[in-house]
Amino acid sequence: MAAEVNGSSGLVKEEEEPMDVTATHSENYQALLDAGLPQKVAESLDNIFQTGLVAYVDLDERALDALREFNEEGALSVLQQFKESDLSHVQNKSAFLCGVMKTYRQREKQGNKVQESTKGPDEVKIKALLERTGYTLDVTTGQRKYGGPPPEEVFTGPQPGIGTEVFVGKIPRDLYEDELVPLFEKAGSIWDLRLMMDPLTGQNRGYAFITFCSKDAAQEAVKLCDNYEIRSGKYLGVCISVANNRLFVGSIPKNKTRESILEDFGKVTEGLQEVILYTQPDDKRKNRGFCFLEYEDHKSAAQARRRLMSGKVKVWGNPVTVEWADPVAEPDPEVMAKVKVLFVRKLATPVTEELLESTFSQFGKLERVKKLKDYAFVHFEERDAAVKAMQEMNGKELGGEEIEIVLAKPPDKKRKERQAARQTTAQNFASDELYFYAVFTNEDEICQVRLRNVSLNCFRC
């Protein structure tokens, strides 16, 4: 009647009642709004919850905080990409969402120049591989991890240590576990395989790390798979991987001892196992102003490096210089079995080459002796004589100091290449006189490099 009185033929709308959000949203929708997400973003994420793709409990505060930092358009785009992703092998979906957000920002910076590949792994073949082997597959935006640990019927021991991991390079970018695993499992039982992924393209980065359950299997993998033609004209490069767990630390007070350094750095970092400290040749009470910190694994070393480099942590009230130490590769056992040279260190200043020659010649005929500062190389003609001298003289006193003796390691070709690269870099910017000095446990790599007016000369010691 009110409509007729007003001359309107339309129907009068009844007073609207508040919408019951439970009719179209999950029970977690209000929690998303309370977390500060815009309404449309909360609705989009809640819709993903209702599809069963991910649950509210799967997302931690870090993911929600990161999503809240996006504008509405960006957040909706991120959630759409997340929804369209294959999450069948994703175990940590919160971390995966964070990876999607990181990739989105990288694409924004590059102006969307990088196109995502439409060719991914063949899921039918991946599923068949997992069913055959019983291994798991965990996918993140940065890597695909197969195994780790393997099924109990394959291996039940502790996690393999140093010397069991191989680096695999030159992998075709569209190649995945279904082709890699059948090849490498011929060498022995696999602990895990980590295929590094490029989140911008969706393809692999061309390299992977494979940890075997034994050193023998890792060495067999190098023999079988290095330079293996995995596809027509595509050859893999395989070598033993050395996980770096050692840090170089400079700017150390020279009155600090190994024990005090171990205690002080152990208070501010975790997993520290050993401190390698060198004393001055002419004053054993003082160190040389640097040391090496050795951690239980690469992860602990990386966390310690980040913490020490942050500037927030100070040791002895001062910041310290921290860098990765060059990884120490384990020499080939077959090569070491032929070594006839001893590396003798912690020599007292009065010890001369003549004294070394007279001391070690009683064990066998010598080829030559070379002393450099507080260490020396003793070359024997026969390996048995070198081994006998090492066993009997190691830890003995010579010139008032206890000496340490090990078999000298053969020259490290890769280390030489790195050293040459550093020298080339120095050439490009140096204008004043600079001095470089490096000490290794083989005589061929001991040299002093002098750089004057961009002219590089190397003087053999």
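Refer to the structure printed above.
Residues numbered from 1 in each chain as written. Predicted model: local features only at pLDDT ≥ 70, side-chain atom pairs only at ≥ 80, totals over all residues. Heavy atoms only, no water.

> Could you give an account of the packing of aromatic side chains, naming the residues involved and the relevant values?
Taken as a whole, this structure holds 16 aromatic pairs when the rule is applied. One aromatic cluster in this structure is built from F248, Y278, F290 and F292. The ring of F70 carries the charged tip of R105 above its face, separated from the ring centre by 4.0 Å. (Phe/Tyr/Trp six-rings, centres within 6.5 Å; stacked < 30°, edge-to-face > 60°. Lys NZ or Arg CZ within 6 Å of the ring centre and 35° of its normal.)

> Please provide a residue-by-residue account of the sheet that holds strand β4 (residues 190–197), values included.
One open sheet holds the 6 strands; their spatial order is β1-β2-β4-β5-β3-β8, and the pairing between them is antiparallel. Looking at which strands have only one partner, the edges of the open sheet turn out to be β1 (137–139) and β8 (237–240). This sheet shows a mean twist of 15 degrees between the axes of neighbouring strands, independent of strand direction. Bridge count between strand β3 (residues 165–169) and strand β5 (residues 204–212): 4 bridges; the pairing is antiparallel. The residue bridging V168 from the neighbouring strand is A208, located in β5. With respect to the sheet, helix α7 (residues 123–133) is in contact with β1 and β2 (143–147), its orientation differing from that of β2 by roughly 30 degrees. (Pairing = 2+ DSSP bridges. Helix = DSSP H or I, 4+ residues; strand = E, 2+ residues; numbered from the N terminus. Axes fitted to C-alpha atoms, helices over the stretch in contact; angles between N-to-C directions. Contact = heavy atoms within 4.5 Å.)

> Describe the pattern of salt bridges, with residues and values.
Taken as a whole and assessed by the stated rule, the structure comprises 16 salt bridges. R68 is the partner of D65 in a salt bridge, and the nearest nitrogen-oxygen pair spans 2.7 Å. Residue D65 and its partner R68 are both found in helix α4 (residues 61–68); the two are separated by 3 residues, about one turn of the helix. Between K267 and E263 there is a salt bridge, with its nearest N and O atoms 3.8 Å apart. With K267 and E263 both in helix α10 (residues 258–268), this residue pair falls 4 residues apart, about one helical turn. For E263, a relative accessible area of 48% corresponds to the partly exposed category. Through salt bridges that share partners, E165, D192 and R194 make up one connected network. (Salt bridge = Lys/Arg side-chain N within 4 Å of Asp/Glu carboxyl O. Buried < 20%, exposed > 50% of the residue type's maximum accessible area, 1.4 Å probe, protein only.)

> Which residues make up the pairing of strand β15 (residues 375–380), and what values go with them?
Of all the 6 residues making up β15, 6 are buried; the element is thus mostly covered by neighbouring parts of the structure. Here β15 shows two buried faces, one formed by Y375, F377 and H379 and the other by A376, V378 and F380. Of the strand pairs in this sheet, strand β13 (residues 341–345) and β15 are connected by 5 bridges, and their pairing is antiparallel. Across the sheet, R345 pairs through a bridge with Y375, a residue of β15. Taken together, the 6 bridges between strand β14 (residues 366–372) and β15 define a ladder with antiparallel strand orientation. Considered in β15, the bridge of V369 is made with V378. Here β14 folds back onto β15, and the loop between the two strands holds 2 residues, one of which, K373, carries a positive phi near 55 degrees.

> Could you give an account of the packing of helix α3 (residues 39–51) against helix α5 (residues 72–84), with specific residues and numbers?
Direction vectors running N to C along α3 and α5 enclose 10 degrees, while the axes themselves pass 9 Å from each other. Accordingly, the angle class assigned to the pair α3 and α5 is roughly parallel. Between α3, through K40, V41, S44, L45, N47 and I48, and α5, the contact on the second element is made entirely by E72, A75, L76, L79, F82 and K83. A class-by-class count of the residues in the contact of α3 with α5 yields 7 nonpolar, 2 polar and 3 charged. (Parallel < 35°, antiparallel > 145°, perpendicular 65-115°, else oblique. Nonpolar A, V, L, I, M, F, W, Y, C, P; charged D, E, K, R; others polar.)

> Tell me about the packing of α4 against helix α6 (residues 93–109), and name the residues and values.
Close contact between α4 and α6 brings their axes to 9 Å; oriented N to C, the two are set at 25 degrees. The angle between α4 and α6 places the two elements in the roughly parallel class. With respect to the hand of their crossing, α4 and α6 are arranged in left-handed fashion. Residue-level inspection shows R62, A63, A66 and L67 of α4 in contact with α6, the latter providing S94, A95, L97, C98 and M101. When grouped by side-chain class, the residues that make up the contact of α4 with α6 number 7 nonpolar, 1 polar and 1 charged. (Left-handed = near helix turned anticlockwise from the far one by under 90°.)

> Explain helix α13 (residues 353–360) to me, and be specific about the residues and the numbers.
Restricting attention to buried positions, one finds in α13 the residues L356, T359 and F360. Seen end-on, α13 carries its buried residues on one side only, within an arc spanning 80 degrees. Contacts made by the buried residues of α13 are with β13, β14, β15, α14 (383–393), β16 (397–398) and β18 (404–407). (Arc of directions from axis to C-beta.)

> Account for helix α9 (residues 215–225), naming residues and giving values.
Among all positions in α9, only A217, A218, A221 and C225 are buried. Along the axis of α9, the buried residues cluster in a sector spanning 100 degrees; they form a single face. For α9, exposure combined with an orientation more than 90 degrees from the buried face picks out D216 and K223. Looking at the residues trailing α9, positive phi occurs at N227, about 65 degrees.

> If you had to explain the side chain of D264 to someone new, which residues and values would you point to?
One can find D264 in helix α10. This buried residue, D264, is left without a salt bridge; K267 holds the nearest opposite charge, at 4.4 Å. Here D264 is in contact with K256, V315 and W316, once residues within four sequence places are set aside. (Lys, Arg positive; Asp, Glu negative; His and termini not counted.)

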